[in-house]
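Letter by letter, the chains look like this.
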Amino acid sequence: MKTPVLFIVIPCYNEQEALPITAKRLTELTDDMLARGIIDPASRIVLVDDGSRDATWQVISDLHAADGRFEGVKLAHNAGHMNALWAGMTLSAERCDCVITIDADLQDDVNAMYGFLEEYGKGADVVAGVRASREKDTFFKRTTAQGFYKLMNKLGVEMVYNHADYRLLSKRALQALLSFGEVNMFLRGMVPMLGFKTAQVTYARGERVAGESKYPLKKMVAFAMEGITSLSNKPIRYVLLVGALCVLLGVVMAVYVIASLVRGHTVAGWASIMMSIWLLGGVQLMALGLIGEYIGKIYMETKRRPKFILEEHLK
Ligand code: UDP
Ligand code: MG
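So, how was this worked out
Residues numbered from 1 in each chain as written. Chains lettered and ligands numbered in written order. Predicted model: local features only at pLDDT ≥ 70, side-chain atom pairs only at ≥ 80, totals over all residues. Heavy atoms only, no water. Near = heavy atom within 4 Å. Polar contact = N/O pair within 3.5 Å; in protein donor to acceptor, adjacent residues only side chain to side chain. Areas by Shrake-Rupley, 256 points an atom, 1.4 Å probe, with all protein chains shown as cover. Helix = DSSP H or I, 4+ residues; strand = E, 2+ residues; numbered from the N terminus. Buried < 20%, exposed > 50% of the residue type's maximum accessible area, 1.4 Å probe, protein only. Contact = heavy atoms within 4.5 Å. Donors = N, O, S within 2.8 Å, 3.2 Å for Na, K, Ca; no water. Salt bridge = Lys/Arg side-chain N within 4 Å of Asp/Glu carboxyl O. Pairing = 2+ DSSP bridges. Axes fitted to C-alpha atoms, helices over the stretch in contact; angles between N-to-C directions. Core = buried A, V, L, I, M, F, W, Y, C linked by side-chain atoms within 4.5 Å.

## Topic: the site of ligand 1
So, point 1. The environment of ligand 1 is made up of 19 residues, and the closest members are Glu 15, Asp 50, Asp 105, Ser 213 and Lys 214.
So, point 2. Within the backbone of Lys 214, an N or O atom sits 2.5 Å from an oxygen atom of ligand 1.
So, point 3. At 3.1 Å from an oxygen atom of ligand 1 is found a side-chain nitrogen or oxygen belonging to Lys 219.
So, point 4. Protein contact buries 95% of the 540 Å² of open area that ligand 1 shows by itself.

## What about the side chain of Ser 52?
So, point 1. The residue Ser 52 is located in the loop between strand 2 (44–49) and helix 2 (56–66) in this model.
So, point 2. Residue class for Ser 52 comes out buried when judged on its relative accessible area of 13%.
So, point 3. Within polar-contact distance, the side chain of Ser 52 engages the backbone nitrogen of Asn 14 at 2.8 Å.
So, point 4. Discounting residues that sit within four places of it in the chain, Ser 52 has contacts with Cys 12, Tyr 13 and Asn 14.

## Considerations on the coordination of the magnesium ion (ligand 2)
So, point 1. Surrounding the magnesium ion (ligand 2) are the protein donor atoms Asp 105 (OD) and Gln 107 (OE1), which sit 1.9 to 2.0 Å from the metal.
So, point 2. On the basis of relative accessibility, which here comes to 4%, the residue Asp 105 falls in the buried class.
So, point 3. By relative accessible area, which is 13% here, Gln 107 ends up buried.

## Details of the environment of Ser 61
So, point 1. As for its position among the elements, Ser 61 is in helix 2.
So, point 2. For Ser 61 and Lys 303, which are 242 residues apart along the polypeptide, the C-alpha to C-alpha distance reads 35 Å.

## So, the pattern of salt bridges
So, point 1. By the definition in use, this model includes 19 salt bridges.
So, point 2. In this structure, Lys 214 and Glu 15 form a salt bridge, with 3.6 Å as the shortest nitrogen-oxygen distance. Taken as a pair, Lys 214 in the loop between strand 7 (198–203) and helix 8 (217–231) and Glu 15 in the loop between strand 1 (6–12) and helix 1 (18–35) lie far apart in primary sequence, 199 residues in all. Taken as a pair, Lys 214 and Glu 15 share a single burial class, namely buried.
So, point 3. Between Arg 172 and Asp 125 there is a salt bridge, with its nearest N and O atoms 2.7 Å apart. Taken together, the residues span a long stretch of sequence, with Arg 172 in helix 6 (residues 171–178) and Asp 125 in the loop between helix 4 (112–121) and strand 5 (126–131) at a distance of 47 residues.
So, point 4. Of the residues examined, Asp 125 reaches a relative accessible area of 5% and is grouped as buried.
So, point 5. Salt bridges sharing partners connect three or more residues here, namely Glu 15, Asp 105, Arg 208 and Lys 214.

## Looking at the sheet that holds strand 1
So, point 1. What the seven strands build is an open sheet, ordered 3-2-1-4-6-5-7; its pairing is mixed. In this open sheet, the two edge strands, each paired with only one partner strand, are strand 3 (70–74) and strand 7. Along the sheet, successive strands turn relative to each other by an average axial angle of 20°, direction set aside.
So, point 2. For strand 5 and strand 7, the ladder comprises six bridges, and the chain directions are parallel. Paired with Val 126 across the strands is Thr 198, a residue of strand 7.

## Details of unusual backbone geometry
So, point 1. One non-glycine residue, Asn 162, lies in positive phi territory at about 60°.
So, point 2. Within the fold, Asn 162 resides in the loop between helix 5 (139–154) and strand 6 (163–170).

## Quick notes on the nonpolar core
So, point 1. Of all hydrophobic cores here, the largest spans 40 residues; its most connected members are Trp 86, Met 152, Leu 169, Leu 177, Leu 187, Met 190 and Leu 194.
So, point 2. When residues in this core are grouped by element, the largest group, six residues, is from helix 3 (residues 81–92).
So, point 3. Leaving out residues up to four positions away in the same chain, Leu 169 has contacts with Met 89, Cys 98, Val 99, Asp 125, Val 126, Leu 174, Leu 177 and Val 191.
So, point 4. Counting 35 residues, the second largest nonpolar core, distinct from the first, contains Ile 10, Leu 47, Ala 112 and Phe 116.

See the structure below:
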């Protein structure tokens, strides 16, 4: 196998403090990889400025001017973490053999990239970085994040536990991913849909090298909602289920109400109101769930996802 051209894609939002440190670490890392002949000299580090309001773009331009290994991509406004990654991957796809995405804050151990490349060399199309421990994360972040993975699994979304967006994708996996037409993106749920051979590399998660988290609680909740609603139709099913349960209860209530009526234990009007509340409520919920099923279908249609992903074609 030829030495791969590796593109490292990094989304950067207000990362002026972290970037110089990150860039230095990556320079050392790629120097070493080049010296050892693990990666091709055409390899690049793509820094995507996601509409930062600080001096991030200045830092990126300086890096690019000083070292041709660094490429800069500037998004016109803050498009969000996923979209920044998408932009970087789109602009790399043509020129690379494989791409690695990593956050700008180096919370994920860059040395795991050696493992990524090794797995890639052994034929993996997707290599997921998995956090061995989350001791360095706050208790709150750790519990909410892990709860989220469990919830997603319950909702039927295939996701690698404790894997964020630190991963390697081969060229064909990247191109397959980029053929997904959806605008609401949740990459860590989409990558497993590709179905390509996946390996995992475990590493210890560290602390942010500098600057502050760009994911305040509000963004975390939005991110989680995005993950659920863009990948799972199950919440709609639950509405249908609750509706059916209400109707069932309504029937039980009806028996009770009629029995009371016959025994003359009722106030005028009680029986009709009781029956309507349960039965109608249930029927309404079921109708909503049913309509939801169709909306869910429309939603999936609008994503224009590829119908199949080709792994090989012998001809
Ligand atoms: N990020 C981005 N756009 C945003 C928010 C974050 O590109 O709107 C980038 C950020 O610069 C970092 C990565 O996404 O490289 C992850 O953010 P952060 O490390 O702050 O998240 P945390 O690790 O706290 O979840
Ligand atoms: Mg971080």
